[in-house]
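Summary of structural features
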Amino acid sequence: MTNYAIVPLFIGVFGASVCSGILGGGDGPETTKTADDLLKTGDLPAAHAEYQKIANENPDSVFAAQGLAYSLLLKGDYDGAGKALADAEAKATAAGAPPEEIGEIKVRRAIVALRAGKLNEVKTYGKASEMPVGMLLAAEAHLADAESDLALQLLKSAANDPGEVGETAKNYLAMLESDDPMSQALAEATALWAAGQGKVAVESAEEPVKNLPEDRADKSELLLLWAGRAVTHGRPDLAQGMLDAIVVPPPDQGWRVEATKALIAIADGRDEEGIAAFQALADAGAPGDGLQDALATAAGLTKNTETAGKLAGQLKSVAAARGLLEAGSSDGAREAVPPGDFAKYLENQ
């Protein structure tokens, strides 16, 4: 019901090949290869320096400008990324790039604006891209601003996409075109979540998700989903209320209800209670992967590094390492992280 899960798909657009069909002078993916290779190693500072060097040495390259934009996005310099993409668009336009390739750059500009919380720019660039993913981003920005009428046509256009973008648009349309006002309100909360406004989203979702019709087949699943979101965004009180509204847990998801209760205990500072609840889940045979994810999340919720260490235990995963890092345990994060890009990232901190 939310495109939040496909944000990596949107971010991946940055790495897609554009303008390769019309740009001469050797401008292509090979332009940024040395920086791309550094990025793959997880050495973000070195990669950024290389992208900057390449952009300086190739002032007319669309690929160099886009590579620099991606590097700036990863650094959190959204203004810089936006300017680099504006430069890339100007260069691509001057080179005679076809509309669909200009559209891809506009989608990138919408993504940067989304990360920066500039919803009006998301609307502008998303619509101007004339691409399904851009239309979806723009529609979500309109929904986040409670402009459902303006979102509807964009969603209908995005729904023609045969992939995940189209499926997400259809889910939004089903909520907005429902006769149930709670479903319509939930569409706006979902868009807020997709727009990165997590705390506002869970607060907006509380009433509609708890007051969905009792005969709605996915009500318990939605309550559980939003309860998990609420606890990870600083509202364990709302999470508990949503769990209390679950009459019957979703099939085979009873352990998730108990895991969310354990997360609430950790978020409330009831560390021993939370640790005991997780141990009980392990003893009861809760799914290993799911339990590990929950433990890693819990490690990130506590402000007590000792508790974080107990929760992470012998976990070896990126999620566990991130949780320990968020709890302030850099050493614990380095011990928990498996080999790979995030391990290299931690080494460079």
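Described below are features of the structure shown in this document.

Calculation notes
Residues numbered from 1 in each chain as written. Predicted model: local features only at pLDDT ≥ 70, side-chain atom pairs only at ≥ 80, totals over all residues. Heavy atoms only, no water. Helix = DSSP H or I, 4+ residues; strand = E, 2+ residues; numbered from the N terminus. Buried < 20%, exposed > 50% of the residue type's maximum accessible area, 1.4 Å probe, protein only. Axes fitted to C-alpha atoms, helices over the stretch in contact; angles between N-to-C directions. Left-handed = near helix turned anticlockwise from the far one by under 90°. Contact = heavy atoms within 4.5 Å. Nonpolar A, V, L, I, M, F, W, Y, C, P; charged D, E, K, R; others polar. Phe/Tyr/Trp six-rings, centres within 6.5 Å; stacked < 30°, edge-to-face > 60°. Lys NZ or Arg CZ within 6 Å of the ring centre and 35° of its normal. Salt bridge = Lys/Arg side-chain N within 4 Å of Asp/Glu carboxyl O. Core = buried A, V, L, I, M, F, W, Y, C linked by side-chain atoms within 4.5 Å. Expected span 1.5 Å × (residues − 1). Polar contact = N/O pair within 3.5 Å; in protein donor to acceptor, adjacent residues only side chain to side chain.

Our next topic: the environment of T190. Here T190 lies in helix α11 (residues 181–194). The class for T190 is buried, based on a relative accessible area of 2%. Spatially, the C-alpha atom of T190 lies 9.7 Å from that of W226, the residues being 36 residues apart in sequence.

Take the packing of α11 against helix α13 (residues 219–232) next. Interhelical geometry of α11 versus α13 gives an angle of 35° and a closest axis separation of 13 Å. Judged by the twist between their axes, the crossing of α11 over α13 is left-handed. Note on element contacts: α13 touches α11 through L222, W226 and R229, opposite L186, A189, T190 and W193. The residue makeup of the contact of α11 with α13, split by class, is 5 nonpolar, 1 polar and 1 charged.

Under the criterion given, the structure shown has 1 aromatic pair. For R229, the ring lying beneath its charged end belongs to W226, and the centroid distance is 4.6 Å.

Enumeration over the complete set of coordinates arrives at 19 salt bridges. Across the salt bridge formed by K210 and E206, the nearest N and O atoms sit 3.7 Å from each other. In this pair, K210 and E206 both sit in helix α12 (residues 198–210), 4 residues apart, roughly one turn of the helix. We classify K210 as partly exposed; its relative accessible area is 29%. Measuring nitrogen to oxygen at the nearest pair gives 2.6 Å for the salt bridge that ties D218 to R216. With relative accessibility at 25%, the residue D218 sits in the partly exposed group.

What follows is about the nonpolar core. Core analysis: the largest hydrophobic core is formed by 73 residues, its most contacted members being L155, Y172, L186, V209, W226, F278 and L311. In this view, W226 contacts L186, A189, T190, W193, A201, V202, A205, V209 and M242; residues no more than four positions away in its chain are not counted. Judged by nonpolar contacts, the second largest core, of 22 residues, contains V62, A64, A81 and A97.

This part covers α11. Helix length check: α11, at 14 residues, gives a terminal C-alpha distance of 20 Å against a target of 20 Å (1.5 Å per residue), a fit within 8%. In terms of residue burial, α11 counts as a mostly covered element, since 10 of its 14 residues are buried. Regarding α11, the residues found buried are M182, S183, L186, A187, A189, T190, A191, L192, W193 and A194. Tucked into the core, α11 has its buried residues touching α6 (99–115), α8 (132–144), α10 (164–176), α12 and α13. With a side-chain oxygen lying 3.1 Å from the backbone nitrogen of M182, the N-terminal cap of α11 falls on D180. Within two residues after α11, G196 carries a phi angle of roughly 85°, on the positive side.

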